[in-house]
Amino acid sequence: MIKQILAVLLLCFLSFGSMYAQGSSPSMPARLGVSTGFRSFLIRDELESFRNFSGGAVPVGVTWEKEKGFGEWHLEAAVAMSRLAADNSRLKLKTFVSNMDVQYLTNLSRSKTGGRLAVHGGINLVNQASSRTYAFNSTIGGQDPFTGEFFSSPELIVKLGNTLKKGRRLEWSIAWGPMAYLISRDYHPIRGFQKFRDVPKGMVFANDFVDFYSKVGYSTPLTDKVTLSTAYKWRYLRYERNYPFQMANHELCVSISWASQK
Amino acid sequence: MKKTISFILAGVILFGCERAFFEDEPEDTYVSNFEVFWSEFDRNYSFFELKNIDWDSLYHVYRPLAELAVNDGQFFQVLAKLSLELKDGHVNVISPYGVSTYDFADGERPVGAQNAKSYLFNVKRAGNSIEYAEVLRQNVGYIHIKTFGGDIEDYEKIDDILEALKKEDGLIVDVRSNGGGSTTKSQTIASRFADKERLYLKVKYKNGPGHGDFTDWDERTVSPEGPSQYNKPVVVLTDKKTFSASEEFVLAMRLFPQVTIVGDTTGGGSGNPILRELPNGWVFRLSSWIAADPDNNTYEGIGLVPDILVTTVPQNSLDNTDYALLEALRVLDSQ
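First, a word on scope: everything that follows refers to the structure included in this document.

How each quantity is defined
Residues numbered from 1 in each chain as written. Chains lettered and ligands numbered in written order. Predicted model: local features only at pLDDT ≥ 70, side-chain atom pairs only at ≥ 80, totals over all residues. Helix = DSSP H or I, 4+ residues; strand = E, 2+ residues; numbered from the N terminus. Buried ≥ 20, exposed ≤ 12 C-beta atoms within 10 Å, placed from the backbone. Contact = placed C-beta atoms within 7 Å. Axes fitted to C-alpha atoms, helices over the stretch in contact; angles between N-to-C directions. Parallel < 35°, antiparallel > 145°, perpendicular 65-115°, else oblique. Left-handed = near helix turned anticlockwise from the far one by under 90°. Pairing = 2+ DSSP bridges. Core = buried A, V, L, I, M, F, W, Y, C linked by C-beta atoms within 7 Å. Expected span 1.5 Å × (residues − 1). Bend = angle between axes of the 7 residues up to and from the residue. Nonpolar A, V, L, I, M, F, W, Y, C, P; charged D, E, K, R; others polar.

If you tally the helices and strands in chain A, you get two helices and 13 strands. Looking at chain A residue by residue over its 262 residues, the buried ones come to 38%. Counted over contacts in chain A with a minimum sequence separation of 6, partners at least 24 positions apart contribute 64%.

The next point concerns the overall build of chain B. Per the secondary structure count, chain B includes nine helices and 14 strands. Taken along its principal axes, the extent of the C-alpha atoms in chain B is 85 × 55 × 35 Å. Classification of the 335 residues of chain B by burial places 45% in the buried group. In chain B, the proportion of contacts linking residues at least 24 apart, taken out of those at least 6 apart, comes to 72%.

The next subject is the packing of helix 7 (residues 183-190) of chain B against helix 8 (residues 245-253) of chain B. All names here are of chain B. Where helix 7 contacts helix 8, the two axes come as close as 9 Å, and the packing angle between them is 30°. Judged on the interaxial angle alone, helix 8 and helix 7 are roughly parallel. You can see that helix 7 and helix 8 cross each other, and the crossing is right-handed. On helix 8, the residues that touch Thr183, Ser186, Gln187, Ile189 and Ala190 of helix 7 are Ala245, Ser246, Glu248, Phe249, Ala252 and Met253.

All names here are of chain A. As paired strands, strand 11 (residues 210-221) and strand 12 (residues 226-240) are joined by twelve bridges and run antiparallel to one another. Following the sheet pairing, Lys215 is matched in strand 12 by Lys233. In this structure, the hairpin formed by strand 11 and strand 12 is closed by a connection of four residues. Pairing geometry for strand 12 and strand 13 (residues 244-259), over 15 bridges, is antiparallel. Bridging across to strand 13, Tyr236 finds its partner in Ala248. Count of turn residues in the strand 12/strand 13 antiparallel hairpin: three residues.

Right, let's talk about the sheet that holds strand 7 (residues 198-205) of chain B for a bit. Pairing between the strands of a sheet is mediated by backbone hydrogen bonds and can be parallel or antiparallel. Residues and elements named next belong to chain B. Taken in spatial order, the three strands of this open sheet run 8-7-13, and their pairing is antiparallel. If you trace the sheet from one side to the other, it starts and ends with strand 8 (218-222) and strand 13 (289-292), each paired once. Strand-to-strand twist of the sheet, defined as the mean angle between neighbouring strand axes without regard to direction, takes the value 25°. Judged from the five bridges that link them, strand 7 and strand 8 form a sheet pairing that is antiparallel. In the strand pairing of strand 8, Lys202 is matched with Glu219.

This paragraph deals with the sheet that holds strand 10 (residues 259-263) of chain B. Residue and element names in this part refer to chain B. Strand order in the open sheet formed by seven strands is 3-4-5-6-9-10-14, and the pairing between neighbours is mixed. A strand with exactly one partner marks an edge of an open sheet, and here the two such strands are strand 3 (120-126) and strand 14 (308-309). As judged from the five bridges shared by strand 5 (residues 140-145) and strand 6 (residues 170-174), these two strands associate in the parallel manner. If you follow Ile143 over to strand 6, its bridge partner there is Val173.

Among soluble globular proteins, nonpolar side chains are generally buried collectively. Ranked by internal contacts, the top residues of the largest apolar core, which has 105 residues, are Ile172(B), Val236(B), Leu237(B), Met253(B) and Ala328(B). Once residues within four sequence positions are removed from consideration, Met253(B) is found in contact with Ala190(B), Phe193(B), Val236(B) and Val259(B). One finds Leu105(A), Ile123(A), Ile157(A) and Ala175(A) within the second-largest nonpolar core, a separate group that totals five residues.

Our focus in this paragraph is helix 3 (residues 55-68) of chain B. Spacing of three or four residues puts side chains on the same side of an α-helix, whose turn is 3.6 residues. With 14 residues, helix 3 of chain B should reach 20 Å at 1.5 Å per residue; the first-to-last C-alpha distance of 20 Å fits that figure. Along its length, helix 3 of chain B shows its largest kink, about 30°, at Val61(B), and proline Pro64(B) lies within four residues downstream of that point.

With that out of the way, let us pick up the pairing of strand 5 of chain B. Residues and elements named next belong to chain B. The element strand 5 is extensively covered by neighbouring structure, given that six of its six residues are classed as buried. Residues Val140, Tyr142 and His144 line one face of strand 5 and the alternating positions Gly141, Ile143 and Ile145 line the opposite face, and both faces are buried. In terms of strand pairing, strand 4 (residues 130-135) meets strand 5 through five bridges, oriented antiparallel. If you follow Ala133 over to strand 5, its bridge partner there is Tyr142.

Now for the environment of Gly148(A). Checked against the element boundaries, Gly148(A) lands in strand 7 (residues 146-163). Given 18 C-beta atoms within 10 Å, Gly148(A) falls into the partly exposed group.

What follows covers the environment of Gly281(B). Checked against the element boundaries, Gly281(B) lands in the loop between strand 11 (273-277) and strand 12 (283-287). When the C-alpha atoms of Gly281(B) and Asn33(B) are compared, they prove to be 9.6 Å apart, with 248 residues separating the residues in sequence. If near-sequence neighbours (up to four positions away) are discounted, Gly281(B) is found in contact with Asn88(A), Ser89(A) and Arg90(A).

All names here are of chain B. Here helix 2 (residues 30-44) crosses helix 3 at 160°, and the two axes come no closer than 9 Å. One element, helix 2, and the other, helix 3, form an angle in the roughly antiparallel class. Here the hand of the crossing between helix 2 and helix 3 comes out right-handed. Residue-level inspection shows Tyr30, Val31, Phe34, Trp38, Phe41 and Asp42 of helix 2 in contact with helix 3, the latter providing Trp55, Tyr59, Arg63, Ala66 and Glu67. Taken together, the residues of the contact of helix 2 with helix 3 break down into eight nonpolar, no polar and three charged.

All names here are of chain B. Counted residue by residue, helix 8 has nine buried out of nine residues, so it is predominantly covered. Among the residues making up helix 8, those that are buried are Ala245, Ser246, Glu247, Glu248, Phe249, Val250, Leu251, Ala252 and Met253. The elements touched by buried residues of helix 8 are helix 7, strand 7, strand 8, strand 9 (234-238) and strand 10.

Printed below as a string of structure tokens:
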């Protein structure tokens, strides 16, 4: 319980406390971008199978960024569909994952570093919906396992940013999600979409829910308005219902963004 | 640039070790495969309490046999024998050494619709799943649904079939030896005979690791669908190999006022099987829910008793008489 209280206090501090520690700064133009790349999956859902399934996908996404007086807003939405396989298994797993992340960051170090090296902190609200269908291709009829879940997790995020020559930027973000609101099947083998009534799982706290995220990004302006970025992202997610679910992703992505005005 | 690459590499090294968080998969040994098999049933199988099966004691009987297995064939026999203890037609072990199958017809070999052919003419097919015809010298239509596991397009032709048979005074729907398939498909057919929305099936799902952990009853209804409803007299033919989704079809059909069920008691398979896998790649199937009629009467291992009982097992192999079909004609003639 202490862990949860500390996490909530830290969230409050990062999101509101730092507003008062810094003065307001002029608004920067909003940036809209599109991204794609390669994402690897490693999934183990013990409710359905003891196998570790792996595979890759080409995610596509959109981003929106806006810097305002007290901080920065980042919105990122992406979808990815992948066919995964496990060693020594007749099962094929098809998964669909969609994310919508809403990130709010405040600059914790602006006054000390003069803007070149900056430390941001804040909240990344991760909203992820995913589904998984396991296909047996069996000669005897039966329901193929199907499952999925939605979670919304407020991650604590810290971003280190360094502005290099010619407007290039190098950034490293790390985030930790101590809790989540999770809607998931937790036991019974409902098949198909028609009876997906299983019980919202409710709030899952840190002991059950673990979410780590890291991103290393590099961006370079191509023109006054257009910026090219590359990033490597990693996420590890685990939660428990009656049986644990784990998912890990690596993603190498490229994005291009446009500023709404100079 | 060097700095950037180093930074990215550091990230990969620091965070690319998630395999360490993932447990190893169970080993592919006979004992490990047995443990997975037993555990999957222990947590997912729905009929332990209903059938009064002591799964723990069976573990102590069969695990030593799994330890003693010296080849895959022997190991398959261990799992097959254990699965047969459940007396469930929805439980199978599927391996390169065979498929274990429980004989829910108790050794009887009903001939199904085999003898009906000599009573029919103008036989037509709707895909591989349905045949329909007219009965010789009678104003009666005949629809033989061989399976509810065929292509969905086959079942969507039901409206065309009923249109083709609309001039008849009655209808025989033959689901003898229909081993089941999809609930959706059986409901598609039944909906054409429905007079109003009716509750025909209740199911409850396992929702915990205990043998008695279930959700509340979930109710399934069948409603009139399609361009028109068939409201002339109907007889549904059943036998001991009418099983699973076909029994759900019978559960629905017997509620409609124009329908009479004729034939033998059905096979008694209500478990909605799910597929699972062993570490060695073999697949097995197990029942995952408890189903009951609207009055909460379960029929797993019991079957559904027809309105008019006609045993469908021939007394001798030369007898080609379809007694159930003859009884169906008598019922239709009397209405």
